[in-house]
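Next come the chains, spelled out residue by residue.
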Amino acid sequence: MSIIPVLAGMALASAGPAFAQNNSNPEMRFNSVIFPDEPTKAMPWSRAQLSEAKPFPMPVIKGKPPQSSKAMKKPQRSGQKPAKPQENEGRNVDAGTPLKWAGKMFFRKNGDPYVCSGQFIADRVVLTAAHCVQNRNGRFVTDLVFALQYRNGKQLSLHRAKCIATYGGWTQGLGVPREYQWDFAMFLVDKPSPTGNFGYHPHWRDDYSSDMLVGYPSDIAGGRRVSVVKGKLDPAPYGDLAVTSSKHSESRFLGGSSGGAWVARYTTKRGSGNYIIGVNSHYYESEPTKMYSPYFTGFDDLLRYTENGCR
């Protein structure tokens, strides 16, 4: 895996992960990069540079989508309880629940500025798509920051990335569509969310029938504000692939929305619902209004690893 400079310094690879990994399965090995601790260093973005960042293209696959597994004819409940969202008190915010936990990511790939979507899932951890932060040969992005509640060039708070983590399956050369089982990533930021974070529910199976897709697609309001579109879920996995799909009606919900959350039991009421069950990952050229997401295999382990400083 290649490690590249970031935030005007050299990214540091840890000497050895302190978190136990599954050595027998290379797809479950962690990929990570740790950025230097430079609290006095100026942010690597000016307001003008943020406005010039382009939407990162969402992966589009040619050919026919995979067929949903016919073996799953009866509903199969997950039997797992979702992790509940966390609300922080005492801060006036522009966005209501749950959009107050979402934001826009800014980063550079090979020096070019791009944007994707992301959201807090823990006090200092942001969830997004792996294709936003790491390419297939293992190179991570540089100058990664997260603008919470980005809207019309302003944000509630700006957070600098401290480390990024993905699974090895994303860079194993597994081919399409198998590699998209691993198209999710997490990164640790320098300061806590002032508003709290989403809940989440990996391996949800038939627990939900619909969701809300969240993100900053460039073809809707120029990506200057967060957008939400309702989807109809197909919880059955596709063959042996740990991916799922959500059918929606907005053909413009593409570039810039990568990494945005799929939210089950979306509600503006505090203290209930708002569980992330997927992220905007990819779509098929023949069906642009059907989004696909990984099923979050190993989600909890990756979260603990990221919270531990990607060690």
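That block above? That's the structure.
A few points on the structure. (Residues numbered from 1 in each chain as written. Predicted model: local features only at pLDDT ≥ 70, side-chain atom pairs only at ≥ 80, totals over all residues. Heavy atoms only, no water.)

**A word on the pattern of salt bridges**
Stated precisely, the cut-off is as follows: Any carboxyl oxygen of Asp or Glu within 4 Å of a side-chain nitrogen of Lys or Arg constitutes a salt bridge here. Classification of residues uses two cut-offs on accessible area relative to the type maximum, computed with a 1.4 Å probe and protein chains only: under 20% is buried, over 50% is exposed, and between them is partly exposed.
What the rule picks out here adds up to nine salt bridges. The shortest N-O distance in the salt bridge between Glu250 and Arg252 comes to 2.9 Å. Under the relative-accessibility criterion, Arg252 is labelled partly exposed at 40%.

**Here's the deal with the environment of Trp204**
Using the following cut-off: Think of it this way: any DSSP run of H or I at least four residues long counts as a helix, any run of E at least two long counts as a strand, and we number them from the N terminus. We define a polar contact as two N or O atoms separated by no more than 3.5 Å, with the added condition that, inside protein, one atom must be a possible hydrogen donor and the other a possible acceptor, whereas residues neighbouring each other in sequence contribute only through side-chain atom pairs.
Counting through the fold element by element, Trp204 comes out in the loop between β12 (199–200) and β13 (210–215). Since its relative accessible area comes to 0%, Trp204 is described here as buried. Put simply, Trp204 and Phe296 are 92 residues apart on the chain and 9.5 Å apart in space, counted from C-alpha to C-alpha. There is a polar contact of 3.1 Å between the side chain of Trp204 and the backbone oxygen of Ile277.

**Things to note about the environment of Val176**
Mapped onto the fold, Val176 is located in the loop between β9 (157–167) and β10 (185–189). Taking the C-alpha atoms as reference, Val176 lies 7.9 Å from Ile61; in sequence the two are 115 residues apart.

**A closer look at the state of the cysteines**
We count it as follows: Note on disulfides: each one is a pair of cysteine sulfur atoms within 2.5 Å.
Throughout the structure, instances matching the rule amount to two disulfides. Shown here is the disulfide that connects Cys116 with Cys132, its sulfur atoms set 2.1 Å apart. Because the torsion about its S-S bond is -85°, the bridge between Cys116 and Cys132 counts as left-handed. On the criterion of sequence distance, the pair formed by Cys116 in strand β6 (residues 112–122) and Cys132 in helix α2 (residues 130–133) is long-range, its members being 16 residues apart. The residues Cys116 and Cys132 share a single accessibility class, namely buried. When the cysteines of the protein chain that form disulfides are numbered from the N-terminus onward, they connect as 1-2, 3-4.

**Considerations on the sheet that holds β12**
To be explicit about the condition: Pairs of strands are assigned from DSSP output, requiring at least two bridges between the strands.
One open sheet holds the nine strands; their spatial order is β3-β18-β19-β15-β14-β13-β16-β17-β12, and the pairing between them is mixed. The sheet is open, and its two borders are formed by β3 (60–61) and β12, each paired with just one other strand. Pairing geometry for strand β18 (residues 282–284) and strand β19 (residues 287–294), over three bridges, is antiparallel. Bridged to Tyr283 within β19 is Met291.

**Quick word on the side chain of Ser246**
Worth spelling out the cut-off: Here, two residues are considered to be in contact whenever any of their heavy atoms come within 4.5 Å of each other.
Relative to the elements of secondary structure, Ser246 occurs in strand β15 (residues 243–247). Of the polar contacts made by the side chain of Ser246, one reaches the side chain of Asp211; its length is 2.8 Å. Ser246 has contacts with Asp211, Leu213, Gly231, Lys232, Leu233, Trp262, Thr289, Lys290 and Met291, leaving out every residue within four places of it along the chain.

**Quick notes on unusual backbone geometry**
Following Val176, the chain continues into Pro177 via a peptide bond in cis, with omega recorded as 0°. Structurally, Pro177 can be placed in the loop between β9 and β10. For Arg265, which is not glycine, the phi dihedral falls at a positive 55°. Turning to its location among the elements, Arg265 is positioned in the loop between β16 (261–264) and β17 (275–279). A positive phi is found at Phe296, a non-glycine position, where the angle reads about 70°. Inspection of the secondary structure assignment puts Phe296 in the loop between β19 and α3 (299–307). What makes Phe296 buried here is its relative accessible area of 0%.

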